[in-house]
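Below are the chains, spelled out letter by letter.
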Amino acid sequence: MARNPLTREEVLAAAAALVRRHGPAALTMRGLAADLGTAVTSIYWHVGNRESLLDALVERTVQEMGAVRPAGRTPAARIVSVARILRRELRGRPHLIAMVHERGLTERMFLPAQQALVHEVHAAGLRGARAADAVRAIQFQIVGFLLVERNRERSPAQSPAEDELWDPAAAPDDPALARALSRPADPERLFLLSVRALVRALLAPPGPGPAGGGDTAVGPGRYPL
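Basis of the calculations
Residues numbered from 1 in each chain as written. Predicted model: local features only at pLDDT ≥ 70, side-chain atom pairs only at ≥ 80, totals over all residues. Heavy atoms only, no water. Helix = DSSP H or I, 4+ residues; strand = E, 2+ residues; numbered from the N terminus. Rg over C-alpha atoms; globule rule 2.2 N^0.38 Å. Contact = heavy atoms within 4.5 Å. Areas by Shrake-Rupley, 256 points an atom, 1.4 Å probe, with all protein chains shown as cover. Expected span 1.5 Å × (residues − 1). Buried < 20%, exposed > 50% of the residue type's maximum accessible area, 1.4 Å probe, protein only. Arc of directions from axis to C-beta. Salt bridge = Lys/Arg side-chain N within 4 Å of Asp/Glu carboxyl O. Core = buried A, V, L, I, M, F, W, Y, C linked by side-chain atoms within 4.5 Å. Polar contact = N/O pair within 3.5 Å; in protein donor to acceptor, adjacent residues only side chain to side chain.

**Student:** It is not clear to me how the overall build of the chain should be interpreted in this structure. Could you clarify?
**Tutor:** Secondary structure summary: the chain contains eleven helices and zero strands in total. Listed N to C, the secondary structure of the chain is α-α-α-α-α-α-α-α-α-α-α in terms of helices and strands. A globule of 225 residues ought to have a C-alpha radius of gyration of about 17 Å, yet the chain, at 23 Å, is considerably larger. Principal axes of the C-alpha set define a box for the chain whose edges measure 75 × 50 × 35 Å. Within the chain, contacts between residues at least 6 apart in sequence are counted, and of these 66% link residues at least 24 apart. Carbon and sulfur atoms make up 57% of the accessible area of the chain, which amounts to about 13,200 Å² in all.

**Student:** Sorry, what's going on with helix H11 (residues 187-203) here?
**Tutor:** With 17 residues, H11 ought to run about 24 Å at 1.5 Å a step, and its terminal C-alpha atoms sit 24 Å apart, in line with that. Residues Phe-191, Leu-192, Val-195, Val-199, Leu-202 and Leu-203 constitute the buried set of H11. End-on, the buried residues of H11 take up no more than an arc of 105°, which puts them together on one face.

**Student:** Hey, could you run me through helix H1 (residues 8-22) in this one?
**Tutor:** Note on helix geometry: an α-helix contains 3.6 residues per turn, so any two residues three or four positions apart are oriented the same way. Look at H1: 21 Å from first C-alpha to last across 15 residues, which is about the 21 Å you get at 1.5 Å a residue. Within the sequence span of H1, burial applies to Val-11, Leu-12, Ala-14, Ala-15, Ala-16, Leu-18 and Val-19. Buried residues along H1 sit in contact with helix H2 (29-36), helix H3 (40-47), helix H4 (50-65) and helix H6 (94-102). Just beyond H1, the residue with positive phi is Gly-23, at close to 95°.

**Student:** Hey, could you run me through the pattern of salt bridges in this one?
**Tutor:** Any two side chains of opposite charge can pair, on the condition that their charged atoms come close. Inspection of the entire model under this criterion finds 17 salt bridges. Between Glu-59 and Arg-108 there is a salt bridge whose closest N-O contact spans 2.5 Å. Of this pair, Glu-59 sits in helix H4 while Arg-108 is found in helix H7 (residues 106-123), placing the two residues 49 residues apart along the sequence. Residue Arg-87 pairs with Glu-149 through a salt bridge whose shortest N-O separation is 2.6 Å. One end of the pair, Arg-87, is in helix H5 (residues 75-92); the other, Glu-149, is in helix H8 (residues 128-154), with 62 residues separating them in the sequence. Each member of the pair, Arg-87 as well as Glu-149, is classed as buried. Salt bridges linked by common partners bring Arg-84, Arg-87, Arg-91, Glu-149, Arg-150, Glu-153 and Glu-188 together as one network.

**Student:** Would you take a moment to explain the nonpolar core for this structure?
**Tutor:** The nonpolar side chains of soluble globular proteins are, as a tendency, buried together. By size, the foremost hydrophobic cluster in this structure holds 55 residues, and its most contacted members are Leu-27, Leu-32, Ile-43, Leu-53, Leu-57, Met-109 and Val-199. The residues contacting Ile-43, other than those within four sequence positions of it, are Leu-6, Val-11, Met-29, Leu-32, Ala-33, Leu-36, Thr-38 and Gly-48.

**Student:** Looking at this structure, I do not really get the side chain of Thr-106. What am I missing?
**Tutor:** Note on placement: Thr-106 falls in helix H7. Accessibility expressed as a relative area gives 18% for Thr-106, which makes it buried. A polar atom in the side chain of Thr-106 sits 2.9 Å from the side chain of His-101. Dropping the residues within four chain positions of it, Thr-106 is found in contact with Val-100 and His-101.

**Student:** Sorry, what's going on with unusual backbone geometry here?
**Tutor:** One can expect most non-glycine residues to show negative phi and most peptide bonds to be in trans. Cis geometry is adopted by the peptide bond preceding Pro-160, which originates at Ser-159 and carries an omega value of 5°. Mapping Pro-160 onto the fold places it in the loop between H8 and helix H9 (162-165).

Right, dumping it as structure tokens:
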């Protein structure tokens, strides 16, 4: 039975899947054609040469990363949902994200998420420089957490390991803390904990600082998570 004619989107989807699994160096026109069960000439007809294919993959990644749909009843909950979406999408395509960065399109890729965050901090009552600082702080937290997370995943086995360093005898005044630190970290839980704490602080109404002025106080916030 003859297969349906190959489409450009099928070629790009197969190429993206190959890059996700093995990285850009593994993407060859012959290998891609073999994966799709077609002739190399068909690949060239749909996407041009390999460099054009890589450009198309970068553009496709930028568009996919722009599909940010916040969810939640409050601005704070929706901000957290944006953070979770970004972390998931960035973790899911590290090689493609690196290609976007190498082509100088990182800021454009993050723009839809920034716009979604701007909408939510406005909904929470922030304006001007304070709103801009909130958006950037959240974005930096997401990217910074992800970089640390990836570094821990790629690092060699540690000796001594955390379970050895945090023997209960190391913290006799707080054995529960020692037991907790001796267990592997839960990145998802820590990510949500840190983002929620940051969002509460950023959205908290201004209050008097230590000297009785300014807006440095951190309160519980108007928008529970």
